[in-house]
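Chain by chain, the residues run as shown.
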Amino acid sequence: YLADQQNWPDLRDLNGDPTHYRDHHNHLRAWCHGAPGIALSRWLMGPIWPDTELERELAEAFHSTLAHPLSLNMSICHGLLGNLWIADRIAAHFENRDGQHKVREQLQQFGGLIDNDRPPSGLPHQLHSPTLFNGIAGMGLALLAMMGHSVPCPLWLEI
């Protein structure tokens, strides 16, 4: 955990140098890496492996996810809606009304990105995509879920 960044380092070897992450100050925040992924994993592990350290990490990761929203794209893969979906589910699970309110505030703040004909996808150059993880299908699914509809979440393989 990198306290100064309120995030976990992305330890993938992206350039052939396994120490590269130490100098990289923009660690990914998505369901698969960083605070949102840590929050998701700790939340899912909680019922089967209760542990105070996991609970502490969950709280840190949850608050970090809400404190550092992404606005570059709206995808559920590595964009705003995926992170907010995770935060929304965790907040609802723990009946954290303040957390749910912050999720709604961020949805409103970045709502203009959704209102255009082609909301920014998770693909390079924000190409329009109908796909689930990086495109409009996932965005719609996340918005339905956060509006209270019962829909499965592919981020944690819920069917």
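Residues numbered from 1 in each chain as written. Predicted model: local features only at pLDDT ≥ 70, side-chain atom pairs only at ≥ 80, totals over all residues. Heavy atoms only, no water.

Visitor: For this particular structure, what's the right way to read the packing of helix 1 (residues 34–45) against helix 3 (residues 80–93)?
Guide: Any two packed helices are characterised by the angle at which their axes cross and by the distance between the axes. As a packed pair, helix 1 and helix 3 sit with axes 10 Å apart at the nearest point and diverge in direction by 35 degrees. Between helix 1 and helix 3 lies a crossing of left-handed hand. Counted together, Pro36, Ala39, Leu40 and Trp43 of helix 1 and Asn83, Ile86, Arg89, Ile90 and His93 of helix 3 form the full contact between these two elements. Looking at the contact of helix 1 with helix 3, its residues break down into six nonpolar, two polar and one charged. (Axes fitted to C-alpha atoms, helices over the stretch in contact; angles between N-to-C directions. Helix = DSSP H or I, 4+ residues; strand = E, 2+ residues; numbered from the N terminus. Left-handed = near helix turned anticlockwise from the far one by under 90°. Contact = heavy atoms within 4.5 Å. Nonpolar A, V, L, I, M, F, W, Y, C, P; charged D, E, K, R; others polar.)

Visitor: Would you mind showing me how to read the pattern of salt bridges here?
Guide: Under the defined criterion, the tally for this structure stands at five salt bridges. The closest approach of N and O atoms between arginine 104 and aspartate 88, which form a salt bridge, is 2.8 Å. Taken together, the residues span a long stretch of sequence, with arginine 104 in helix 4 (residues 97–109) and aspartate 88 in helix 3 at a distance of 16 residues. Overall, the relative accessible area of 31% leaves arginine 104 in the partly exposed class. Lysine 102 serves as the salt-bridge partner of aspartate 98, at 3.4 Å between the closest nitrogen and oxygen. Of this pair, aspartate 98 and lysine 102 both sit in helix 4, separated by four residues, roughly a single helical turn. Under the relative-accessibility criterion, lysine 102 is labelled partly exposed at 34%. Among the charged side chains, a salt-bridge network with shared partners connects Glu53, Arg56 and Glu60. (Salt bridge = Lys/Arg side-chain N within 4 Å of Asp/Glu carboxyl O. Buried < 20%, exposed > 50% of the residue type's maximum accessible area, 1.4 Å probe, protein only.)

Visitor: Sorry, what's going on with helix 3 here?
Guide: Think of an α-helix as 3.6 residues a turn; residues three or four steps apart then line up on the same face. Taking 1.5 Å per residue, 14 residues should reach 20 Å; helix 3 reaches 20 Å between its end C-alpha atoms and fits that length. Three or more residues of helix 3 are buried, namely Leu80, Leu81, Gly82, Asn83, Leu84, Trp85, Ile86, Ala87, Asp88, Ile90 and Ala91. Here the buried face of helix 3 lies against helix 1, helix 2 (52–67), helix 4 and helix 6 (136–146). One or two steps after helix 3, the chain reaches glutamate 95, where phi turns positive at roughly 50 degrees. (Expected span 1.5 Å × (residues − 1).)

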